[in-house]
Amino acid sequence: MIDLRSDTVTQPSKEMKLAMMEAPLGDDVLGDDPSIIELEEKAASKLGKEAALFCPSGTMTNQIAIKVHSNAPGEVICNELSHIYWYEGGGVMFNSGLSVKLIGGDRGRFTADMVEKAINADDVHFPESQLVSIENTCNKGGGSIWDQEEVKKISKLCNQKNISLHLDGARMYNAIVASQADEKEFAAPYDSISLCLSKGLGCPVGSLLLGSKEFIYKARRIRKVLGGGMRQAGMLAAAGKYALENNIERLQKDHQNALSIGELLRKKSYIKEISPVETNILIFELEDGRSAEKYIADLKNAGILAVGMGLQKIRFVTHLDMEGQMDELLEIVSRT
Ligand SMILES: Cc1ncc(COP(=O)(O)O)c(C=O)c1O
């Protein structure tokens, strides 16, 4: 089976498993797991942030960030396609007691002008705008990459208005590699960053939250409250360290593979539209009247797993475990 449902489906490689087996371990809740400490320090220094915190999932790192940056009642401003809005089970309300102000834009991206208009005036009737959240790359936007100049403008505005800026960077290394950005410059505009190790980077589990020492100190408390403190989790951190050292540059291959699939799909008469392919996510829309459910079922019978994105939309995600299956994949797609 060729699994294009997500880049979360990857299995740890033999080399990654070896690194996990050899990891020195401690108790991370007590703060003495050497492999966790090494991973947190390594990630923080790579991205030019003061500190980092290893957590079980990207949902948790996003939710902790939202909690630490806010003080209910208030609101978080984000795009209408955001993961924090769609796919985190309403956690913004549940964990932080905030309302969500959705703004539009282009495939998950918005401008500083749009943020400025969205920020509420200081008036008791309105929830206080406390946080802006950016998703780069944007999953539901088809792996779209933000313009870094616009991010800097948003960051400047947030500073002026005393509002925090968070990055849901589940796939930020896809954006960094595709745009050949400097990682520290990429990370600089944000007060906090959530980075997933368990997506394109190929780890079985884990996300990192990055920010100032003070922010991470508070985040550690919230991680405990949410039950996210893990004990001998250094085995997972060793996978993360392996991924940061070995699996970043190769993301370019995932992007090339997504482009090749897109080129082939473009020739198909049953495709109405394909979102521009910028990284490893390909979202396409079937012609009116063609059932997405049936198309997904036909693909499955032919050996490809994909997910629907609502209405006529289908998503393919390329990743390191399917790169050896590209020939077979292109052959199946050409005959569907
Ligand atoms: C953009 C984005 N943010 C956050 C997450 C959440 O990550 P996790 O599945 O580790 O909770 C995902 C997961 O797919 C995602 O795509």
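Residues numbered from 1 in each chain as written. Predicted model: local features only at pLDDT ≥ 70, side-chain atom pairs only at ≥ 80, totals over all residues.

1. Topic: the site of the ligand
- Around the ligand lies a shell of 13 residues, among which S57, G58, T59, H83 and A170 are the nearest.
- In terms of residue count, the dominant contributor to the shell around the ligand is helix α3 (residues 58–69) (three residues).
- Among the residues forming the shell around the ligand, the class breakdown is two nonpolar, nine polar and two charged. (Near = placed C-beta within 6 Å. Helix = DSSP H or I, 4+ residues; strand = E, 2+ residues; numbered from the N terminus. Nonpolar A, V, L, I, M, F, W, Y, C, P; charged D, E, K, R; others polar.)

2. Here's the deal with the domain arrangement of the protein chain
- For the protein chain, the assigned domains are domain 1 (2–6 + 250–335) and domain 2 (12–246).
- With 13 residues of domain 1 in contact, the opposing surface of domain 2 contributes 15 residues.
- Of all the elements in the fold, those that place two or more residues in the side of domain 1 that touches domain 2 are α12 (251–266) and β10 (281–286).
- Here the element with the most residues in the side of domain 1 that touches domain 2 is α12; it accounts for four residues.
- Tallied by class, residues from the side of domain 1 that touches domain 2 come to five nonpolar, six polar and two charged. (Domains from an automatic or database assignment. Contact = placed C-beta atoms within 7 Å.)

3. A short note on helix α10 (residues 213–225)
- When the terminal C-alpha atoms of α10 are compared, their 19 Å separation across 13 residues agrees well with the 18 Å that a helix rising 1.5 Å per residue should span.
- Within α10 the residues assigned to the buried category are F215, I216, A219, I222 and R223. Considered in projection along α10, the buried side chains sweep an arc of 115 degrees and stay on one side of the axis. Turned more than 90 degrees away from the buried face of α10, the exposed residues are K213, E214, R221, K224 and V225.
- Buried positions along α10 lie against β2 (51–55), α3, β7 (192–196) and β8 (207–211).
- Immediately downstream of α10, the backbone of G227 shows phi near 80 degrees, a positive value. (Expected span 1.5 Å × (residues − 1). Buried ≥ 20, exposed ≤ 12 C-beta atoms within 10 Å, placed from the backbone. Arc of directions from axis to C-beta.)

4. Overview of the packing of α12 against helix α14 (residues 326–335)
- The N-to-C vectors of α12 and α14 enclose an angle of 20 degrees; their axes lie 10 Å apart at closest approach. Relative to α14, the element α12 is oriented roughly parallel. Both α12 and α14 take part in a crossing whose hand is right-handed. Taken together, the residues of α14 that come into contact with α12 (itself represented by N257, S260, I261, L264 and L265) are M326, L329, L330, V333 and S334. (Axes fitted to C-alpha atoms, helices over the stretch in contact; angles between N-to-C directions. Parallel < 35°, antiparallel > 145°, perpendicular 65-115°, else oblique. Left-handed = near helix turned anticlockwise from the far one by under 90°.)

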